[in-house]
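Topology and contacts: notes
As a plain string of letters, each chain reads:
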Amino acid sequence: LVNGLSAAFGYLLFTLAPYWLLSLALGAILVLVGSVGLVLEFYRGRRSVEEQEGGPAPDRKPSLLGSFALVALAELGDKTQLATISSSALTGSVLTVILAAILALMSMAALTCAIGGKLAGTLHGDKARLASYAVFVVAGILILVSTCLMHYGS
C-alpha cells in the first residue's frame, strides 16, 4: 500500500514538473537526508558515550509486535519511499515502479534476515548507518552536479 501510494504520488509529480527540476529536488533531498542522518548519528554516538559513564544499559530483547511496529512506522516515511516517489516521478511508470519496489523490499528483507544474525557480532550498526548516510550525501551531490551540467551546461 505504501509503495503504491508513493509511486502514485511520484507519477503526479511526473505529470506536473520537468525532469531537471525533479532531479534537482531529488539530489537536494538526498543531501539533506544524508546530512541530517550524519549529524544525528554523531549526536547519538556522543550521547551513548555519556550514558555508558552512568552504568550499563538494560538488556533489551525485541518482540514480534515491537519489531513489526517499528518497521511499519519506519516504512511510512523512509528513504525507500523517497526512492519510490522519485523513480515514479522521473519515469512515469507507476506499475513498474510498484512491482520493482515490492520485489526489492522483499529481496532485501530476505537477504538481511538471512545474513543479519551472522554479522550481528561483527558489523556494528553505527558504522553501517554512518556509511549509508554518507552514500546518500555523495549520491545527492552527484545527482545535483550531473543535473546542473546537463541542464545548465548546454
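All residue numbers here refer to positions counted from 1 along the written sequence of the relevant chain. Two thresholds apply to this predicted model, a pLDDT of at least 70 for residue-level local features and 80 or more for giving and counting side-chain atom pairs, whereas whole-chain, interface and lining totals are computed over all residues. The basis for the side-chain values is all heavy atoms of the structure; hydrogens and waters are excluded.

A closer look at the overall build of the protein chain
Check the secondary structure of the protein chain and you find six helices and zero strands. Only DSSP runs of H or I covering at least 4 residues are called helices, and only runs of E covering at least 2 are called strands; the numbering of each starts at the N terminus. Along the protein chain, helices (α) and strands (β) appear in the sequence α-α-α-α-α-α when read from the amino end. Each of the 154 residues in the protein chain was classed as buried or not, and the buried ones make up 18%. Accessible surface computed for the protein chain: about 10800 Å², of which carbon and sulfur atoms make up 73%. Each residue's exposure class comes from its accessible area (1.4 Å probe, protein chains only) as a fraction of the maximum for that residue type: buried when under 20%, exposed when over 50%, partly exposed otherwise. The Shrake-Rupley method, run with a 1.4 Å probe, gives the accessible areas here. Residue values count only the displayed protein chains as cover.

Here's the deal with the environment of phenylalanine 14
Tracing the chain through its elements places phenylalanine 14 in helix H1 (residues 2-16). Put simply, phenylalanine 14 and threonine 91 are 77 residues apart on the chain and 7.2 Å apart in space, counted from C-alpha to C-alpha. Phenylalanine 14 has contacts with Leu22, Ser88, Ala89, Leu90, Thr91 and Gly92, leaving out every residue within four places of it along the chain. Note on contacts: a residue pair qualifies if any of its non-hydrogen atoms lie within 4.5 Å across the two residues.

Describing a nonpolar patch on the surface
A cluster of nonpolar side chains, contributed by Leu99, Ile102, Leu103 and Met106, occupies part of the molecular surface with about 380 Å² of accessible area. If you trace the backbone, methionine 106 turns up in helix H5 (residues 94-119). Patch construction takes residues with relative accessible area above 30% that form no salt bridge. Like charges are linked within 9 Å, and nonpolar side chains (Val, Leu, Ile, Met, Phe, Trp, Tyr) are linked within 5 Å. Salt bridge, as applied in this entry: a Lys or Arg side-chain nitrogen positioned within 4 Å of an Asp or Glu carboxyl oxygen.

Digging into H1
Under the convention used throughout, the expected extent of a helix is 1.5 Å for every residue step, that is, one less than its residue count. If you check H1, its first and last C-alpha atoms are 21 Å apart, about what 15 residues at 1.5 Å a residue would give, namely 21 Å. Taken as a whole, H1 has its buried residues at Asn3, Ser6, Ala7 and Gly10. Taken end-on, H1 shows its buried residues confined to a sector of 95°, consistent with a single buried face. Turned more than 90 degrees away from the buried face of H1, the exposed residues are Leu5 and Leu16. In this description, one arc is meant: the one made by directions from the helix axis to the C-beta atoms.

Points about the confidence of the model for the protein chain
Overall, the predicted model of the protein chain reaches an average pLDDT of 78, with 73% of residues at or above 70. Confidence of the prediction at every residue is given by pLDDT, a number between 0 and 100. Averaged over each element, pLDDT in the protein chain is lowest for helix H3 (residues 64-76) (64) and highest for helix H6 (residues 125-152) (85).

Regarding the side chain of threonine 84
Mapped onto the elements, threonine 84 comes out in helix H4 (residues 79-91). In this view, threonine 84 contacts Asn3, Ser6, Ala7, Val97 and Ala101; residues no more than four positions away in its chain are not counted.

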